Amino acid sequence: MTRLTKILLAGVALAASGSIVRAADLTEPVGPVVVETSGGFYLGSVSSLTFLDDTSFDVGGFTVNTDYDVGYYTGVRAGYSFGEMGFVTPRIELEVGMGNASVDNHSVRGIGPLPSIDSYGDARTIQGYVNGYLDIPLGGALSAITPYVGGGAGVMNLELRRQGAVGGGFGATLMDDDDTRFAYHLDAGVGINIQELGLFTNFALLTNTTFDIGYRFTAADNFSFTARDGSRSETDFRSHAIMVGFRKTF
């Protein structure tokens, strides 16, 4: 075999090997593109400091306004996040909770607080909602913080429990009744992924866990109550709350 023949055979072999490599690249199966989302079922809780607007009831021909101390609300929730859809991540959930605010003072409408009155009683609620939210992922350096907006609609049982006063001519429970009405709330806040901030990364319990902090406005109208003397009246419920909670996705 001449020197020229050897060179030609080596060139043919090199070209053939290159063709085989290119053919293998072209025929290599392409797998599906996996896109990570934040979707899935989650469980969680909510708690709040609640600032309840005055309620009122009629008794003995007078209208009694009730002012409350700072109250609380606590509930549990279960929901589903649909994952990122464009610029938002929608989710829905069910929430059930209980709230309470103690009476600060009673006053007679048009007169104001009466002297030497020791007011007592509570406003207690049981609330249940179907909630809907839109999470707004920020991405990049702010990916651990996710603003959200939303709200819910459902029912509320409001109990004006053992409300009365001692002194100032009073000395008995004036109102102890409850009623159930349609209720709704509007929310806004931020969700924070602690582990994405680089904190508690060794705690498996906090994996896929979001902590929420935000504001909630709650309203329900036309609760009907009967006072101890048989007087009937209606009142509305309004509250503003600082909410905190968590959601763990599974």
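Residue numbers restart at each chain and count upward from 1, following the sequence in its written direction. A pLDDT threshold of at least 70 governs which residues receive local features in this predicted model, and a stricter bar of 80 or more applies before side-chain atom pairs are shown or counted, although totals over entire chains, interfaces and linings include all residues. Just so you know, side-chain values use all the structure's heavy atoms and leave hydrogens and water out.

**Topic: the side chain of aspartate 187**
Part 1 of the reasoning: With respect to the helices, strands and loops of the structure, aspartate 187 is situated in strand β9 (residues 170-192).
Part 2 of the reasoning: Only 2.9 Å separates the side chain of aspartate 187 from the side chain of histidine 185, close enough to count as a polar contact.
Part 3 of the reasoning: Throughout, a residue-residue contact means that at least one pair of heavy atoms, one from each residue, lies within 4.5 Å. For aspartate 187, the residues in contact, after removing those within four places along its chain, are Tyr133, Tyr148, Val149, Gly150, Gly151, Tyr215 and Arg216. A run of H or I in DSSP counts as a helix once it spans at least four residues, and a run of E counts as a strand once it spans at least two, with each numbered from the N terminus. Between N or O atoms, a polar contact is any pair within 3.5 Å; within protein, one atom must be a potential hydrogen donor and the other a potential acceptor, and residues adjacent in sequence are included only when both atoms are from side chains.

**A short note on the confidence of the model for the chain**
Part 1 of the reasoning: Overall, the predicted model of the chain reaches an average pLDDT of 85, with 80% of residues at or above 70.
Part 2 of the reasoning: Each residue gets a pLDDT score, which is the predictor's confidence in that residue and runs from 0 to 100. Mean pLDDT values over the elements of the chain span from 46, in helix α1 (residues 3-27), up to 98, in strand β4 (residues 71-81).
Part 3 of the reasoning: Confidence over residues 12-17 falls short of pLDDT 50; this stretch has 0 contacts with residues more than four positions distant or in other chains.
Part 4 of the reasoning: Ignoring residues within four places in sequence, the model shows residues 19-37, a span with pLDDT below 50, making 2 contacts including any to other chains.

**Examining the pattern of salt bridges**
Part 1 of the reasoning: Salt bridges are identified by distance alone: a Lys or Arg side-chain nitrogen within 4 Å of an Asp or Glu carboxyl oxygen. Inspection of every chain in the model, using the stated rule, returns 12 salt bridges.
Part 2 of the reasoning: Arginine 77 is the partner of glutamate 93 in a salt bridge, and the nearest nitrogen-oxygen pair spans 3.7 Å. Of this pair, glutamate 93 sits in strand β5 (residues 89-108) while arginine 77 sits in strand β4, and the two are 16 residues apart along the sequence. The same class applies to glutamate 93 and to arginine 77, which are both buried.
Part 3 of the reasoning: In this structure, aspartate 179 and arginine 181 form a salt bridge, with 3.2 Å as the shortest nitrogen-oxygen distance.
Part 4 of the reasoning: In this structure aspartate 179 comes out as buried when scored by relative accessible area, which is 14%.
Part 5 of the reasoning: Each of Arg77, Arg91, Glu93, Asp135, Asp212 and Arg247 takes part in one network of salt bridges that share partners. Only protein chains enter the area calculation, which uses a 1.4 Å probe; residues under 20% of their type maximum are buried, those over 50% are exposed, and those in between are partly exposed.

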